[in-house]
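# Close look at the chain arrangement
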Amino acid sequence: MALVRKTPQLAYIKSYEYIRDKILNGELPRGTKLVEERIAEELGVSRTPVREAIRKLEQEGLIFQKRVVNPTETDLRNIFQVRILLEGFAARYSAMYMSGEVLDELRNCIVTARTGTTEEIMQANEKFHNIIVQTSNNPFMIDIIDRMQSIIYLFRKTVVYHKRPFLIDEHEQIYEAIRDHNGDEAERLMKEHLQADLDFCLHLLNQHRK
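Turning our eyes to something else, we now look at the overall build of the protein. Within the protein one finds 10 helices and two strands. Listed by position from the N terminus, the elements making up the protein come as α-α-α-β-β-α-α-α-α-α-α-α. Dimensions of the protein, computed from the C-alpha atoms along their principal axes, are close to 55 × 50 × 30 Å. When burial is assessed residue by residue, the protein has 44% of its 210 residues classed as buried. Across the protein, contacts joining residues at least 24 apart in sequence account for 77% of those joining residues at least 6 apart.

Counting through the fold element by element, Glu 170 comes out in helix 9 (residues 167-179). Among residues more than four places away in sequence, those in contact with Glu 170 are Arg 164, Pro 165, His 193 and Ala 196.

We now examine the pattern of salt bridges. With the rule as written, the count across this model stands at 22 salt bridges. With a closest N to O distance of 3.4 Å, Arg 51 and Glu 36 form a salt bridge. One end of the pair, Arg 51, is in helix 3 (residues 47-59); the other, Glu 36, is in helix 2 (residues 36-43), and 15 residues separate them in sequence. With a relative accessible area of 32%, Arg 51 lands in the partly exposed category. Between Glu 170 and Arg 164 there is a salt bridge whose closest N-O contact spans 2.7 Å.

Our next topic: the environment of His 162. The topology assignment puts His 162 in the loop between helix 8 (149-161) and helix 9. The spacing of His 162 and Ile 23 is 139 residues in sequence and 18 Å in space, taken between C-alpha atoms. Apart from residues lying up to four places away in sequence, His 162 is in contact with Lys 157, Phe 200 and Leu 204.

Before going further, it helps to spend a moment on the packing of helix 5 (residues 100-115) against helix 6 (residues 118-134). Packed helix pairs are characterised by how far apart their axes lie and by the angle those axes make with each other. The N-to-C vectors of helix 5 and helix 6 enclose an angle of 155°; their axes lie 8 Å apart at closest approach. One way to sum up the angle between helix 5 and helix 6 is to call them roughly antiparallel. Where helix 5 crosses over helix 6, the two elements pack in a sense that is left-handed. Here Val 102, Glu 105, Leu 106, Cys 109, Ile 110, Thr 112 and Ala 113 of helix 5 come into contact with helix 6, specifically with Glu 120, Ile 121, Ala 124, Lys 127, Phe 128, Ile 131 and Ile 132. For the contact of helix 5 with helix 6, the residue count by class is 10 nonpolar, one polar and three charged.

Across all of its chains, the model carries four aromatic pairs by this definition. Each ring, one from Phe 80 and one from Phe 155, has its centre 5.4 Å from the other, and the planes form 45°; the classification is tilted. You can see Phe 80 sitting in helix 4 (residues 73-97) and its partner Phe 155 sitting in helix 8, a full 75 residues away along the chain. The exposure classification of Phe 80 matches that of Phe 155, with both residues buried. By the ring-pair criterion, three or more aromatic residues cluster together here, those being Phe 89, Tyr 93 and Tyr 97.

Reading the values: the criteria
- Per chain, residue numbering runs from 1 following the sequence as it is written.
- Predicted model: local features are reported for residues with pLDDT of at least 70 only, side-chain atom pairs are reported and counted for 80 or more only, and whole-chain, interface and lining totals are derived from all residues.
- Excluding hydrogens and water, the side-chain values take into account all heavy atoms of the structure.
- Secondary structure is summarised from DSSP: a helix means a run of H or I of at least four residues, a strand means a run of E of at least two, and numbering begins at the N terminus for each.
- Relative accessibility under 20% of the residue-type maximum defines a buried residue, over 50% an exposed one, and the middle range a partly exposed one, all with a 1.4 Å probe and only protein chains included.
- It only takes one pair of heavy atoms within 4.5 Å for two residues to be counted as in contact.
- Definition used for salt bridges: Asp or Glu carboxyl oxygen within 4 Å of a side-chain nitrogen of Lys or Arg.
- Note on geometry: axes are lines fitted to C-alpha atoms, helical ones only across the stretch in contact, with angles between N-to-C directions running from 0 to 180 degrees.
- Orientation is classified from the angle alone, with under 35 degrees giving roughly parallel, over 145 giving roughly antiparallel, 65 to 115 giving roughly perpendicular, and any other angle giving oblique.
- Should the near helix be turned counterclockwise from the far one by less than a right angle, the crossing is left-handed, whereas a clockwise turn marks it as right-handed.
- Lys, Arg, Asp and Glu make up the charged group, whereas Ala, Val, Leu, Ile, Met, Phe, Trp, Tyr, Cys and Pro make up the nonpolar group; the residues left over, Gly among them, are polar.
- Note on aromatic contacts: the rings of Phe and Tyr and the six-membered ring of Trp form a pair at centre separations within 6.5 Å, being stacked when their planes are under 30 degrees apart, edge-to-face when over 60 apart, and tilted otherwise.

It is worth stressing that arrangement in space is one thing and function is another; only the former is reported here.
Shown next as structure tokens:
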């Protein structure tokens with residue numbers, strides 16, 4: 001029986017990862033309509049796992065009405081509003097809970113981001129934020145942020161690839177506040193950091209539309 005259940009699950013994972021990766025690397029541009037039959041044929045699977053994968057990606061914010069999401073200014077503001085609230089909270093509590101060993105990991109993210117390739121900076125940026133969220137000790141909040149990871153990736157890619165000024169300097173300030181167990185300052189800095197990300201993304205969005 002285990003093998004019978006495993007095959008559809010593998011087809012679903014394959015479909016999910018295939019579609020997600022094509023969206024995140026830009027092979028499926030914003031606004032592209034997804035055709036279940038075509039994707040199923042490309043992957044050699046039935047339409048059912050493709051349909052389930054699309055539903056999952058809709059929940060994660062990468063697809064809307066079977067099209068690759070093309071965030072409006074309102075969408076951007078709403079998504080970042082959630083991040084600002086939750087990650088600000090996470091930074092405050094990380095300042096209380098983060099161990100010295102994890103602090104070293106957080107510091108290493110900053111070092112990598114200052115010296116690494118673009119892809120390494122992407123990974124370091126992601127790890128920096130994930131460490132702070134994970135050390136908040138709030139499993140419900142962690143779950144909400146985890147479900148937003150795909151759409152967060154798109155915005156992270158925007159700020160890294162377009163070299164938003166002071167990005168890593170802000171990370172260092174957040175790190176120092178957490179290291180010093182200053183929860184108020186860590187929360188304030190994280191909120192300002194994410195607001196700067198939002199402002200930068202909105203600026204690029206408006207430039208693109210001109």
